[in-house]
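Spelled out, the chains give:
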Amino acid sequence: METYNEYNSETLIHFCPINYSMIYGILNYGILSKSIANLSEVPFSENFKGYNDEDYICLSRYYYVDPLDTESYYNIAKDNQIGFIVEGVEYISNIEDVVIHRPDEVQVKHKIAPENIKGIITSPTLLNKSLTDINVLNKKSTNYNIIINTGKNLINFFENKCNYKLSEEEQSDFKEAIYYLKCTIIALKQTPYDKELKADLKDAIQDVNTTLATISSTVISKIIGIENPTVNDLLQYISNTYNIPVYIHNIPSKNNKR
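K.L.:
Is there a simple way to explain the environment of asparagine 80 in this structure?
P.N.:
Residue placement: asparagine 80 occurs in the loop between α3 (73-77) and β4 (82-86). Look at asparagine 80 and you get partly exposed, because its relative accessible area is 28%. Taking the C-alpha atoms as reference points, asparagine 80 and leucine 126, 46 residues apart in sequence, are found 6.6 Å from one another. With residues up to four places along the chain from it excluded, the contact list for asparagine 80 reads Leu126 and Asn135.

Put into structure tokens, the structure is as follows:
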């Protein structure tokens, strides 16, 4: 698999968990802000409940990535999410205009059209992972509403777009994982500094993620006709279906200044 060789000072990357409903939505409708998705009645799953205004989309400006900066948006996301390479869009990088917390971060208002998405980028370590082991959720998010909304959107997508109805066991597993998460969050609100409960919260989020990843693997296996599919299997299917190239990360070799 090749690296992307068309990087320039305007190249942007938007990261997304390996969540098939999110990927499908981006490739068919573009990358939408929450406000535009709501107006368009397009199913929308938030990646993270952060500081972004509902009109804006967060991206990394590739030329401003420091390979040694572990807190850059690019470096935080690159090993467990896929990136969509974006070219030819206007963006905001001025911290006086929008809230920006990371040196490589920029914001795009409202929408990025599918034709501005020039490829998908991924890390070599992610390619060989089984779909049962990937992050369907952004596990840095501990927001219950985001987690349950993401799970429900994914299940609805499988039922409505992929003609896959969850088995009773799968439905039960999801309900149990969500219930455990809800109970843990309630308990943690009562004793917010309890270290054991904080560890329990991580386990509860992982349980939800594992349940969704297992269901995703089953559905995608049926779609692409491969048993125990990997991330690479899914990306090759997406590449062939949407005629979009997939590239390997090529991390900048030096620090660039804003």
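K.L.:
I'm lost on helix α7 (residues 195-224) in this one. Help?
P.N.:
What sets the pattern is the α-helix's 3.6 residues per turn: residues three or four places apart point alike. The terminal C-alpha atoms of α7 lie 43 Å apart, and with 30 residues this matches the ideal 44 Å at 1.5 Å per residue to within 8%. In this structure aspartate 194 caps α7, since a side-chain oxygen of it lies 2.9 Å from the backbone nitrogen of glutamate 196. Of the residues flanking the end of α7, it is glycine 225, one or two places downstream, whose phi is positive at about 75°.

K.L.:
Looking at this structure, how should I read the packing of aromatic side chains?
P.N.:
Both the distance between ring centres and the angle between the ring planes are used here to describe each pair of aromatic rings. Per the stated rule, a full pass over the model turns up 10 aromatic pairs. Look at phenylalanine 15 and tyrosine 74: their rings are 5.8 Å apart centre to centre, the planes differ by 80°, and that puts the pair in the edge-to-face class. Taken together, the residues span a long stretch of sequence, with phenylalanine 15 in strand β1 (residues 12-16) and tyrosine 74 in helix α3 at a distance of 59 residues. Accessibility classification places phenylalanine 15 together with tyrosine 74 in one group, the buried group. Joined through ring pairs, the aromatic side chains of Tyr4, Tyr7, Phe15, Tyr62, Tyr63, Tyr73, Tyr74 and Tyr247 make up one cluster.

K.L.:
Teacher, can you tell me more about the nonpolar core here?
P.N.:
Side chains that are nonpolar tend, in soluble globular proteins, to be buried together. Grouped together as the largest cluster of nonpolar side chains are 60 residues, with contacts concentrated most on Phe84, Phe158 and Ile238. No other element matches the 11 residues that α7 contributes to this core. Discounting chain neighbours no more than four positions away, the residues touching phenylalanine 84 are Leu12, Ile13, His14, Cys16, Ile23, Ile26, Leu27, Ile31, Ile117, Gly119 and Ile120. Ranked by size, the runner-up nonpolar core spans 13 residues in total, among them Val65, Tyr73, Tyr74 and Ile121.

K.L.:
What is the right way to read the pattern of salt bridges from this model?
P.N.:
Charged atoms that come close allow side chains of opposite charge to pair. Evaluation of the coordinates by the stated rule reveals 3 salt bridges. With a closest N to O distance of 3.7 Å, glutamate 54 and lysine 34 form a salt bridge. Residue glutamate 54 is found in the loop between α2 (34-40) and β3 (56-61), and its partner lysine 34 is found in helix α2; the two are separated by 20 residues along the sequence. Between aspartate 79 and lysine 78 there is a salt bridge, with the nearest N and O atoms lying 3.3 Å from each other. Lysine 78 gets classed as buried once you look at its relative accessible area, which sits at 13%.

Criteria and cut-off values
Residues numbered from 1 in each chain as written. Predicted model: local features only at pLDDT ≥ 70, side-chain atom pairs only at ≥ 80, totals over all residues. Heavy atoms only, no water. Helix = DSSP H or I, 4+ residues; strand = E, 2+ residues; numbered from the N terminus. Buried < 20%, exposed > 50% of the residue type's maximum accessible area, 1.4 Å probe, protein only. Contact = heavy atoms within 4.5 Å. Expected span 1.5 Å × (residues − 1). Polar contact = N/O pair within 3.5 Å; in protein donor to acceptor, adjacent residues only side chain to side chain. Phe/Tyr/Trp six-rings, centres within 6.5 Å; stacked < 30°, edge-to-face > 60°. Core = buried A, V, L, I, M, F, W, Y, C linked by side-chain atoms within 4.5 Å. Salt bridge = Lys/Arg side-chain N within 4 Å of Asp/Glu carboxyl O.

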